[in-house]
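Listed below are the residues making up each chain.
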Amino acid sequence: SSDKIDSRGALIVLEGLDRCGKTSQCGRLHSYLEELGHAVELWRFPDRNTGVGQMISSYLANKSHLDDHAIHLLFSANRWEKRSLMESKLRSGTTLIIDRYSFSGVAFSSAKGLDVEWCKAPEAGLLAPDLVVYLGISPEKAAERGGYGGERYEKLEFQKKVVESYKTLCDDATWKILDATLPMEDVEKQLRQIVMDCVLTCRKGKPFSELWQ
Ligand code: 2DT
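S.K.: I'd like a description of the sheet that holds strand β1 (residues 11-15), backed by residues and values.
M.R.: Read from one edge to the other, the open sheet built from five strands follows the order β2-β3-β1-β4-β5, with strand pairing classed as parallel. In this open sheet, the two edge strands, each paired with only one partner strand, are β2 (40-44) and β5 (175-179). Going across the sheet, the axis of each strand differs from the next one's by a mean of 20°, ignoring polarity. Sheet topology places strand β4 (residues 131-136) next to β5; five bridges connect them, and they run parallel.

S.K.: Describe the packing of aromatic side chains, listing the residues and the values that go with them.
M.R.: Under the counting rule described, the total for this entry stands at 10 aromatic pairs. An angle of 45° between the planes, with centres 5.4 Å apart, marks the rings of Phe-108 and Tyr-153 as tilted. Linking Phe-108 in helix α5 (residues 102-111) with Tyr-153 in the loop between α7 (139-144) and α8 (156-169), this pair joins segments that are 45 residues apart in sequence. Across this residue pair, the class does not change: Phe-108 and Tyr-153 are buried. Ring centres of Phe-108 and Phe-158 lie 6.1 Å apart, and the angle between their planes is 50°; this geometry places the pair in the tilted category. Placement of Phe-108 in helix α5 and of Phe-158 in helix α8 is noted, with a sequence separation of 50 residues between them. This pair shows no difference in class: Phe-108 is buried, exactly as Phe-158 is. Put simply, the rings of Phe-45, Tyr-101, Phe-103, Tyr-134, Tyr-166, Trp-175 and Trp-212 pair up and form one aromatic cluster. The cationic tip of Lys-82 hangs over the ring face of Trp-43; the distance from NZ or CZ to the ring centre is 4.8 Å.

S.K.: Kindly report on the site of the ligand, identifying the contributing residues and their values.
M.R.: By nearness alone, 13 residues border the ligand, and Arg-48, Phe-75, Arg-79, Arg-100 and Gly-105 come closest of all. The side chain of Arg-48 places a nitrogen or oxygen atom 3.0 Å from an oxygen atom of the ligand. Within the side chain of Arg-79, an N or O atom sits 2.8 Å from an oxygen atom of the ligand. For the ligand, the accessible surface in isolation is 470 Å², of which the surrounding protein chains cover 94%. Taken together, the elements giving at least two residues each to the shell around the ligand come down to α3 (68-80) and α5. Here the shell around the ligand gets three residues from one element, more than from any other, and that element is α5. For the shell around the ligand, the residue count by class is six nonpolar, two polar and five charged.

The rules behind each value
- Residues numbered from 1 in each chain as written.
- Predicted model: local features only at pLDDT ≥ 70, side-chain atom pairs only at ≥ 80, totals over all residues.
- Heavy atoms only, no water.
- Pairing = 2+ DSSP bridges.
- Helix = DSSP H or I, 4+ residues; strand = E, 2+ residues; numbered from the N terminus.
- Axes fitted to C-alpha atoms, helices over the stretch in contact; angles between N-to-C directions.
- Phe/Tyr/Trp six-rings, centres within 6.5 Å; stacked < 30°, edge-to-face > 60°.
- Buried < 20%, exposed > 50% of the residue type's maximum accessible area, 1.4 Å probe, protein only.
- Lys NZ or Arg CZ within 6 Å of the ring centre and 35° of its normal.
- Near = heavy atom within 4 Å.
- Polar contact = N/O pair within 3.5 Å; in protein donor to acceptor, adjacent residues only side chain to side chain.
- Areas by Shrake-Rupley, 256 points an atom, 1.4 Å probe, with all protein chains shown as cover.
- Nonpolar A, V, L, I, M, F, W, Y, C, P; charged D, E, K, R; others polar.

And the structure:
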C-alpha cells in the first residue's frame, strides 16, 4: 500500500519516574546505535529550546504559575511543534530515541486530578511510538537514589500518584516494562535487544500510526 515505507526509522520512547535512569539509558542506547552505524537522534520532551519549551521550563522551575490545564496544553503543543520534523526524520530512515512523550503528559497531568480522556485529547494525531520502554521502579526506591532536583514534580507523594497513572496507560503491546532496579548494564543489555527488534521491524516497512484516535 502507499502507506508502506521502505526503510524508515523507529520511534522509540523511554518513560518512567524521575530518577529511574531513563536519561542515562537513552544516552547509552544512542551511542550504541550510532556505533553500529545507524542513523539515530536523541530527543527529549519537554524540548526546552523552543518558545513554548521556555514557558514550560520556567513553570517546572517554579518561576511561573500556570493553570493545570494550560500547562498540560503547553506540553502537548511542545510535541506538536516537533511533529512534522519527527515524521520527516523517520521517513528518511533516522531512528529517534525520545526521553518522555505523551505518556508523561497524561501521567503527570492526570496525577494532579485532571481527567484522563481530557488529557489524551490534544495528543491525538501525534505519531504513535513503535516501542515504549517503561523503566519500572517504585517511587520510594527512586527517591533513595537521591538527587530529586528542586523541580515542581520531584516529590515522593506526587511521584506515587504518577506511578498509578502510568499503570493505566501501559496496557498495550507496544509497551515493554524493564526492571530499572537491576544493575545499569543489565538494563542496558535488555534495552538493546528490545530496541534492535523494533528497529528491524520498522525497517521492513511497518506502517506509521497515530496516537489515540
Ligand atoms: P524532565 O525532568 O525529563 O526534563 O521532565 N512532564 C513531561 C509533564 O508533566 N508533561 C509532559 O508532557 C512531559 C513530556 C515530567 C520534566 C518534567 O515534566 C513532566 C517531568
